[in-house]
Amino acid sequence: MHPAYSVIVFTTATGAGYGLLALLGLLAATGATPPSLVPGLVSFGLAFALIGGGLLSSTGHLGRPERAWRAFSQWRSSWLSREGVAAVVTFVPAGLLALGWAVMGRSGAWIAICGLLAAACAVVTVCSTAMIYASLKPIAQWHSRFTLPSYLLFAATSGLVLLNALMQVFGRPSVPWLAAALVFTALAWVLKVAVWRHNDALGMPATLNSATGLKGGTVRSVEWPHTEDNYLLKEMGYRVARKHAARLRLIAVILAFALPGALLVIALLLRGGPAAAFVSVLAAASQLAGLMVERWLFFAEAKHTVTLYYGRD
Amino acid sequence: MTCLPAKTEKSLGLVIDLDTCVGCQACVTSCKEWNTGGHMAPLTDQNPYGGTADGVWFNRVHTYEHEVDGASRTVHFPRSCLHCETPACVTVCPTGASYKRTSDGIVLVDEDKCIGCKLCSWACPYGAREFDVDVGVMKKCTLCVDRIYNENLKEEDRVPACVAACPSGARHFGDLGDATSPVSQLVAARGGTALMPELGYAPTNRYLPPRANTGRGPKVAAPALESVGDAGGFFGWVDRVLSR
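Everything numeric here is computed off the predicted structure, so don't read it as measured data.

Rules of the game
Residues numbered from 1 in each chain as written. Chains lettered and ligands numbered in written order. Predicted model: local features only at pLDDT ≥ 70, side-chain atom pairs only at ≥ 80, totals over all residues. Heavy atoms only, no water. Helix = DSSP H or I, 4+ residues; strand = E, 2+ residues; numbered from the N terminus. Rg over C-alpha atoms; globule rule 2.2 N^0.38 Å. Buried < 20%, exposed > 50% of the residue type's maximum accessible area, 1.4 Å probe, protein only. Contact = heavy atoms within 4.5 Å. Areas by Shrake-Rupley, 256 points an atom, 1.4 Å probe, with all protein chains shown as cover. Lys, Arg positive; Asp, Glu negative; His and termini not counted. Charge placed at Lys NZ, Arg CZ, Asp CG, Glu CD. Phe/Tyr/Trp six-rings, centres within 6.5 Å; stacked < 30°, edge-to-face > 60°. Lys NZ or Arg CZ within 6 Å of the ring centre and 35° of its normal. Axes fitted to C-alpha atoms, helices over the stretch in contact; angles between N-to-C directions. Parallel < 35°, antiparallel > 145°, perpendicular 65-115°, else oblique. Left-handed = near helix turned anticlockwise from the far one by under 90°. Nonpolar A, V, L, I, M, F, W, Y, C, P; charged D, E, K, R; others polar. Pairing = 2+ DSSP bridges. Salt bridge = Lys/Arg side-chain N within 4 Å of Asp/Glu carboxyl O.

**Details of the overall build of chain B**
In step 1: Each helix and strand counted, chain B has seven helices and 11 strands in total.
In step 2: The C-alpha radius of gyration of chain B comes to 25 Å, more than 25% above the 18 Å expected for a compact globule of 244 residues.
In step 3: The dimensions of chain B, computed from C-alpha atoms along their principal axes, are 90 × 50 × 40 Å.
In step 4: Relative to its full complement of 244 residues, chain B shows a buried share of 51%.
In step 5: Sequence separation of at least 24 residues holds for 61% of the intrachain contacts in chain B that already meet a minimum separation of 6.
In step 6: Entry remark: accessible area of chain B is about 11,500 Å², with carbon and sulfur atoms responsible for 54%.
In step 7: Side-chain charges in chain B split into 24 positive and 28 negative, and the spacing between the mean points of these groups amounts to 2 Å.

Next up, the structure:
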């Protein structure tokens, strides 16, 4: 599948943003003391910037972005529409939470409710994003039991690593949250490697025999309907990244999991201070870059059944 | 509305005979000609006279070699929208631009609502939908909805343009939901098949498989050339002299 930059940015940034937002919601709901004004504004600002930037970016690959508002209408059948609705609904409890907890420094029952609602909405939104891909039967790599857990785990991981970076920067390092970021990074690493191994053994969900209705024997494409690449081959037959898949996977593993993991261990050993804050921010930046490479591969390595008709598999 | 109708009154579709299709591309060009002025008009082309020509087509004819037990044959295979009973291209649409008609089962795109997110083309396993980069919306076969009910046309012309154009009678149009219709009977008689049934889209269109090889044809077109034997007589003498 052709990896559109806008969609790579969209899924990675909103994943991290909703992960961070859900964690902030849980922090508020568990009765943690409100952060002071600047850390609160920066934390929610970062979460909203990642979410808003990602959502805006997602309109970048639309043919008619001025009609994007129509995408909120078909939530009864379409995961893309549900994702849009969930994304907008999330802003309500999240906005109230940012205002009440972070800006006004309140705590109490309604803050806890807003926190839980914001976290729940964030999880629903990430699930909807994952289901856009997981519901597509022609692409075996996406129509897989791994897609939904992957999106959720990557969102939680990048949210935790961002939360740790924010805590370190504002001089409130927390060993449990840092440890959680480290554990989730390791889990995400294990899951990604498992998904790649699973995908490498996957075949197409159909054959050229069943695609043409020609039973038995072998079917071989001898002539295409057209001499140049058409929309189908440009969009569904993208093969550039697959050529470098092994190298790109290594880059993704290093940037998204290995390097952030090592940096988080250093931060753990440093026990706070400017140096720990620096490596924590570096870990978050590296992980986001690594997840973009991972997401690029998620698209580029996905094979669509239409390529069967062109004798490619 | 992108929720699918529980049942359609008719299931209009095509039956394509892979035995008689000669791969002439007449259906392809006829489709493009009609539809670039029809319901989904225009079907734009990019760089049509350059080296990287590309454009929107609803119908594409592939050519395959089908080999069974050492015997192979060439099969021309027209590929277009199958107007599925459960088309995921419709249900994934976030805007309601894609819909399946309750009256006749035709799957259509409302060009005024489409935002060009391309998700429907990802959801179609058959590659039936093509994005129009000029207009910024998705386009697809309409089963010539602007011909089949068009009272300005003569009755015999109220069939899809591809069916009207086919010179070998390989394309048939009708109601596949009605078991007594000529197309349904043709499918029953010839063992017509649905494409990629394992994906569960329940396509309406059917493909008639090529008939079994009768074995009546000549095995070899012409005997192989043999070396010239000794002719004898005058020409034999000439042959011997010139061969020295």
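Don't stop here, the text continues.
**Topic: the packing of aromatic side chains**
In step 1: One pass over the structure, following the stated rule, counts 24 aromatic pairs over all chains.
In step 2: Ring geometry for tryptophan 142 of chain A against phenylalanine 299 of chain A: centres 5.4 Å apart, planes inclined by 85 degrees, an arrangement best described as edge-to-face. With tryptophan 142 of chain A in the loop between helix H4 (109-134) and helix H5 (147-169) and phenylalanine 299 of chain A in helix H11 (residues 274-300), this residue pair connects regions lying 157 residues apart in the sequence.
In step 3: Judged by its relative accessible area of 0%, tryptophan 142 of chain A is buried.
In step 4: A ring pair is formed by phenylalanine 234 of chain B and phenylalanine 235 of chain B, whose centres lie 5.5 Å apart and whose planes are at 65 degrees; its orientation type is edge-to-face.
In step 5: On the basis of relative accessible area, phenylalanine 235 of chain B is assigned to the exposed category, the value being 62%.
In step 6: Put simply, the rings of Tyr133, Trp142, Tyr151, Phe298 and Phe299 of chain A together with Trp122 of chain B pair up and form one aromatic cluster.
In step 7: Sitting over the face of the ring of tryptophan 75 of chain A, arginine 76 of chain A holds its NZ or CZ atom 5.1 Å from the ring centroid.
In step 8: Positioned above the aromatic ring of tyrosine 309 of chain A is the side chain of arginine 79 of chain B, whose terminal nitrogen or guanidinium carbon lies 5.4 Å from the ring centre.

**Digging into the packing of H5 of chain A against H11 of chain A**
Residues and elements named next belong to chain A.
In step 1: Running from amino to carboxyl end, H5 crosses H11 at an angle of 160 degrees, the nearest separation of the two axes being 7 Å. Between H5 and H11, the angle is such that the two are roughly antiparallel. Every pair of crossing elements has a handedness; the one defined by H5 and H11 is left-handed. Across from Thr147, Tyr151, Phe154, Thr157, Ser158, Val161, Leu162, Asn164, Ala165, Gln168 and Val169 in H5, the residues of H11 making contact are Ala276, Ala277, Ser280, Val281, Ala283, Ala284, Gln287, Leu288, Leu291, Glu294, Arg295 and Phe298.
In step 2: In the contact of H5 with H11, the residues fall into 14 nonpolar, seven polar and two charged.

**As for the sheet that holds strand E5 (residues 71-79) of chain B**
By way of backbone hydrogen bonds, the strands of a sheet pair with one another, either parallel or antiparallel.
In step 1: The sheet built from three strands is open, its strands ordered E1(A)-E4(B)-E5(B) with antiparallel pairing. Two strands lie at the open edges of the sheet, namely strand E1 (218-223) of chain A together with E5 of chain B, each paired on one side alone. Pairs of neighbouring strands in the sheet enclose a mean axial angle of 30 degrees, with direction left out of account.
In step 2: Note: E1 of chain A against strand E4 (residues 60-68) of chain B, five bridges, orientation antiparallel. Directly across from glutamate 223 of chain A, in E4 of chain B, lies its bridge partner threonine 63 of chain B.

**Topic: the sheet that holds strand E1 (residues 12-17) of chain B**
All names here are of chain B.
In step 1: Spatially, three strands are ordered E10-E1-E11 in an open sheet, and the strand pairing comes out mixed. Each having just a single partner strand, strand E10 (171-175) and strand E11 (206-208) make up the two edges of the open sheet. Looking at each pair of strands side by side, their axes are set apart by 25 degrees on average, direction ignored.
In step 2: Here E1 pairs with E10 via five bridges, running antiparallel. Within the sheet, the bridge partner assigned to glycine 13 lies in E10 and is glycine 174.

**Considering the pattern of salt bridges**
Opposite charge on two side chains allows them to pair when their charged atoms are near.
All names here are of chain A.
In step 1: The final tally for this structure, using the stated rule, is 14 salt bridges over all chains.
In step 2: With a shortest N-O distance of 3.0 Å, arginine 249 and aspartate 200 are connected by a salt bridge. Pair noted here: arginine 249 is in helix H10 (residues 245-270) and aspartate 200 is in helix H6 (residues 175-200), with a separation of 49 residues, a long-range link.
In step 3: The exposure class assigned to arginine 249 is buried, which follows from its relative accessible area of 15%.

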